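# An overview of the molecular structure
Each chain, written out:
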Amino acid sequence: MIGIIGAMQVEVDKLIASMSVDNVSTIAGNKYYLGQLSGVKVVVVCCGIGKVNASMTASFLISNYQVSSIVNLGVAGGLSQSLKVGDIVVSSKCVQYDYQTDLVNSPTAHNLDRLGLTYLDCDTNLVNSLQSTIVKLGYNCIVGIVATGDKFVADKTISNSIATEFGAIAVEMESGAIAQVCRHVQIPFVTLRTISDSADDNAEIDFEQNMRITAERSCKIMQDWLNNNS
């Protein structure tokens, strides 16, 4: 069974509407939809925005459902000049750009406590199969590092800094936290993000205008991916 997590309801609504739902459970205020999608057993949940919501939901998902892997889908701000609105990013690694335990920015300053890692690798099989599905659908897809932090980035200086320091191609607010939970319990993980804005001074306007369209594209990819890998 595959767990699918979206931060906002719009990011999962289309998936839920397309599911054959067997059961809906409410845990800590979030609804977990268990059923089948494209012939595959899944559980879909909207976690809410931010790292705490994401990690809490991932933990409940793993504890209450026997998921074999977790996919986080939704939208993100693009940090690469090769990305435009509507393009797709699949995570090769996740990093929490706002996590720092050293006062001096040493090589280990951003290492996550108890893991000793700055970057969390995503599952290669999930990455490759998602990329293949996206290419077949005719969308532009880039595989790379996705950066996570508890702030909506709408400042070119900040986005450039994240891209330069971490080598990230997209920025958002949940993936790194879910990746951390999955790493601790050895659950394969990947994030699929459709670019909604360029994380610059126009980001808020672009995000609002493009959110629904880009979220629906993520859902379309997920349905095709499940159908091809059932």
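Before reading on, note that the structure itself is shown above.
Below is a summary of the structure that appears in this document.

On to the overall build of the protein chain, then. Assigned secondary structure in the protein chain consists of six helices and 10 strands. For the protein chain, the C-alpha radius of gyration of 16 Å lies close to 17 Å, the compact-globule estimate for 230 residues. Dimensions along the principal axes, computed over C-alpha positions, put the protein chain at roughly 50 × 35 × 30 Å. Sorting the 230 residues of the protein chain into buried and exposed places 53% on the buried side. Taking as baseline every contact in the protein chain between residues at least 6 positions apart, the subset at least 24 positions apart corresponds to 77%.

Here the focus is unusual backbone geometry. Look at Ala28: it is not a glycine, yet its phi comes out positive at around 50°. In this model, Arg114 sits at a positive phi of 75°, which is unusual for a non-glycine residue.

Within the structure shown, the criterion is met by six salt bridges. Across the pair Lys84 and Asp87 runs a salt bridge, and its minimum N-O distance is 3.4 Å. Residue Arg193 pairs with Glu172 through a salt bridge whose shortest N-O separation is 2.7 Å. Here Arg193 is found in strand E10 (residues 189-197), whereas its partner Glu172 is found in strand E9 (residues 168-172), with 21 residues between them in sequence. Accessibility classification places Arg193 together with Glu172 in one group, the buried group. A single salt-bridge network, built from bridges that share partners, covers Glu172, Glu174 and Arg193.

Once that is clear, we can look at the packing of aromatic side chains. Two measures describe an aromatic ring pair: the distance that separates the ring centres and the angle between the ring planes. All told, the structure shown has one aromatic pair when counted by the stated rule. Each ring, one from Tyr32 and one from Tyr65, has its centre 5.8 Å from the other, and the planes form 20°; the classification is stacked. Of this pair, Tyr32 sits in strand E3 (residues 30-37) while Tyr65 is found in the loop between helix H2 (51-64) and strand E5 (69-78), placing the two residues 33 residues apart along the sequence. On the basis of relative accessible area, Tyr32 is assigned to the buried category, the value being 0%.

When you line up the elements, Asn53 lands in helix H2. On the basis of relative accessible area, Asn53 is assigned to the partly exposed category, the value being 28%. Linking Asn53 and Val40, residues 13 residues apart in sequence, is a C-alpha distance of 26 Å. Discounting residues that sit within four places of it in the chain, Asn53 has contacts with Cys47 and Gly48. Polar side-chain contacts of Asn53 include one of 2.9 Å to the backbone oxygen of Ile49.

With that out of the way, let us pick up the side chain of Thr57. Position of Thr57 among the secondary structure elements: in helix H2. Using a relative accessible area of 0% as the deciding quantity, one classes Thr57 as buried. Excluding its chain neighbours within four sequence positions, the residues that come into contact with Thr57 are Asn30, Tyr32, Val45 and Cys47.

On to the side chain of Glu11, then. Secondary-structure assignment places Glu11 in the loop between strand E1 (2-6) and helix H1 (13-18). A polar side-chain atom of Glu11 sits 2.8 Å from the main-chain amide nitrogen of Ala7.

Of all seven residues making up strand E4 (residues 40-46), six are buried, and the element is well covered by its neighbours. Both E3 and E4 contribute to a ladder of six bridges, which runs antiparallel. Bridged to Leu34 within E4 is Val43. A loop of two residues connects E3 with E4, the two strands running antiparallel in sequence, and Ser38 in this loop sits at a positive phi of about 55°.

With that settled, the discussion passes to the nonpolar core. The biggest cluster of nonpolar side chains holds 57 residues, and the ones touching the most others in it are Ile4, Val42, Ile70, Leu192, Met222 and Leu226. If we skip the residues at most four places from it in the chain, Ile4 touches Leu15, Val42, Val43, Val44, Val45, Val71, Leu73, Met222 and Leu226. Among the nonpolar cores identified, the runner-up in size contains 11 residues, and Leu79, Val95, Val153 and Ala168 belong to it.

Cut-offs applied
Residues numbered from 1 in each chain as written. Predicted model: local features only at pLDDT ≥ 70, side-chain atom pairs only at ≥ 80, totals over all residues. Heavy atoms only, no water. Helix = DSSP H or I, 4+ residues; strand = E, 2+ residues; numbered from the N terminus. Rg over C-alpha atoms; globule rule 2.2 N^0.38 Å. Buried < 20%, exposed > 50% of the residue type's maximum accessible area, 1.4 Å probe, protein only. Contact = heavy atoms within 4.5 Å. Salt bridge = Lys/Arg side-chain N within 4 Å of Asp/Glu carboxyl O. Phe/Tyr/Trp six-rings, centres within 6.5 Å; stacked < 30°, edge-to-face > 60°. Polar contact = N/O pair within 3.5 Å; in protein donor to acceptor, adjacent residues only side chain to side chain. Pairing = 2+ DSSP bridges. Core = buried A, V, L, I, M, F, W, Y, C linked by side-chain atoms within 4.5 Å.

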